[in-house]
Amino acid sequence: MTVTVVGIGGSLRPNSQSERAMRIALEGAVDAGAKVIEVSGPELVLPFYDPSIPDRTDNAHRLVEALRVADGVVLVSPGYHGTVSGLVKNALDYIEDLRGDERPYLDGRAVGCVAAAQGWQASVTTLTALRSIVHALRGWPTPLGAAVNSQEVVFDLEGGCSVPAVADQLRTIGRQVTEFAVSRTT
């Protein structure tokens, strides 16, 4: 059985470092046999989440439907001022639309968390915030997460990473998400 892993992340800047990191993590998911759906950059431009307004934009509808079918998630955020970017946090607020589902929120799904920031402090605190959000949404953070210091690691447009150990770590996160999802569906 093929599982679906949804990658959420990036910034408004096309091909941002966090978006490139997400793609490497998703490579690990594909290598482990997953089908992947990527929701990034401009696709994350959503109205502020308001549970009292039932109408959703096309981007919001696509995000919620992708998460609804997801067996696992790779979640990547740039670190802005020591925490998750507003763009990513607002997208995560839309998970509230899954509250009445048979699998509410991220219940029973592995979530690989990655934070990329210009420095260790912001990347580590952002990773911690992501893992806390995943817990609050009933998800299972993978054993391995990644705090990427963008001052020391560069991702190129071809999908490469200047530090092979970081690329390996990101692929491992994608594999862990997929392996957990497979174990839950069999």
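Q: Sorry if this is basic, but what is going on with the pairing of strand β3 (residues 72–80) here?
A: Remember that side chains alternate between the two faces of the sheet whenever the strand is regular. When you tally the buried positions in β3, you get 8 out of 9 residues, the bulk of the element. Relative to β3, strand β1 (residues 4–9) runs parallel, the two being bridged by 5 bridges. Considered in β3, the bridge of Gly7 is made with Val74. In terms of strand pairing, β3 meets strand β5 (residues 110–117) through 7 bridges, oriented parallel. The partner of Val74 across the bridge, within β5, is Gly112. As judged from the 2 bridges shared by β3 and strand β4 (residues 83–84), these two strands associate in the antiparallel manner. Paired with Gly79 across the bridge in β4 is Val84. Taking the residues between adjacent antiparallel strands as the criterion, β3 and β4 are bridged by 2 residues, where His81 takes a positive phi near 55 degrees.

Q: What is the right way to look at the pattern of salt bridges in this model?
A: Close approach of charged atoms allows side chains of opposite charge to pair. Enumeration over the complete set of coordinates arrives at 10 salt bridges. With a closest N to O distance of 2.7 Å, Asp101 and Arg68 form a salt bridge. Of this pair, Asp101 sits in the loop between α3 (86–93) and β5 while Arg68 sits in helix α2 (residues 58–69), and the two are 33 residues apart along the sequence. What emerges from the salt-bridge pattern is a single network uniting Glu19, Arg23 and Glu38.

Q: It is not clear to me how the environment of Ile37 should be interpreted in this structure. Could you clarify?
A: On the secondary structure map, Ile37 appears in strand β2 (residues 35–40). Residue Ile37 is classed as buried on the basis of its relative accessible area, which comes to 17%. Residues Ile37 and Ile8, 29 residues apart in the sequence, show an inter-C-alpha distance of 8.6 Å.

Q: Can you walk me through the side chain of Thr178 in this structure?
A: When you line up the elements, Thr178 lands in helix α5 (residues 164–185). Within polar-contact distance, the side chain of Thr178 engages the backbone oxygen of Ala29 at 3.5 Å. For Thr178, the residues in contact, after removing those within four places along its chain, are Val3, Val5, Ala29, Ala32, Gly33 and Ala34.

Q: What is the right way to read the packing of aromatic side chains from this model?
A: Given two aromatic rings, their pairing is described by the distance between the two centres and the angle made by the two planes. This model, assessed by the stated rule, comprises 2 aromatic pairs. Between Tyr49 and Tyr94, the ring centres sit 4.9 Å apart and the planes meet at 75 degrees, which makes this aromatic pair edge-to-face. Separated by 45 residues along the polypeptide, Tyr49 in the loop between β2 and α2 and Tyr94 in the loop between α3 and β5 bring together distant segments of the chain. When its relative accessible area of 2% is taken as the criterion, Tyr94 is described as buried. With a centroid separation of 5.7 Å and 35 degrees between ring planes, the pair formed by Trp140 and Phe180 is classed as tilted. Taken together, the residues span a long stretch of sequence, with Trp140 in strand β6 (residues 140–141) and Phe180 in helix α5 at a distance of 40 residues. Judged by its relative accessible area of 47%, Trp140 is partly exposed.

Q: Any chance you could explain the pairing of strand β7 (residues 146–149) here in plain terms?
A: On β7, burial covers both faces: Ala146 and Val148 on one face and Ala147 and Asn149 on the other are all buried. As defined by bridge partners, β5 adjoins β7 across 4 bridges and the pair is classed as parallel. When the bridges of β7 are listed, Val114 appears paired with Ala146.

Q: What am I meant to see in helix α4 (residues 120–136) here?
A: An α-helix turns once per 3.6 residues; consequently, residues spaced three or four apart project the same way. The terminal C-alpha atoms of α4, which comprises 17 residues, lie 24 Å apart, in line with the 24 Å expected from a rise of 1.5 Å per residue. Residues of α4 that are buried include every one of Ala122, Ser123, Thr126, Leu127, Ala129, Leu130, Ile133 and Val134, and no others. Seen from one end, α4 has its buried residues packed into an arc of 165 degrees, which puts them on one side. When the buried face of α4 is taken as reference, the exposed residues oriented beyond 90 degrees from it are Gln121, His135 and Ala136. Turning to α4, the residues buried within the fold contact β3, β4, α3, β5, β6 and β7. Arg138, located one to two residues past α4, shows a positive phi value of around 70 degrees.

Parameters at a glance
Residues numbered from 1 in each chain as written. Predicted model: local features only at pLDDT ≥ 70, side-chain atom pairs only at ≥ 80, totals over all residues. Heavy atoms only, no water. Buried < 20%, exposed > 50% of the residue type's maximum accessible area, 1.4 Å probe, protein only. Helix = DSSP H or I, 4+ residues; strand = E, 2+ residues; numbered from the N terminus. Pairing = 2+ DSSP bridges. Salt bridge = Lys/Arg side-chain N within 4 Å of Asp/Glu carboxyl O. Polar contact = N/O pair within 3.5 Å; in protein donor to acceptor, adjacent residues only side chain to side chain. Contact = heavy atoms within 4.5 Å. Phe/Tyr/Trp six-rings, centres within 6.5 Å; stacked < 30°, edge-to-face > 60°. Expected span 1.5 Å × (residues − 1). Arc of directions from axis to C-beta.

The values are spatial; any link to function lies outside them.
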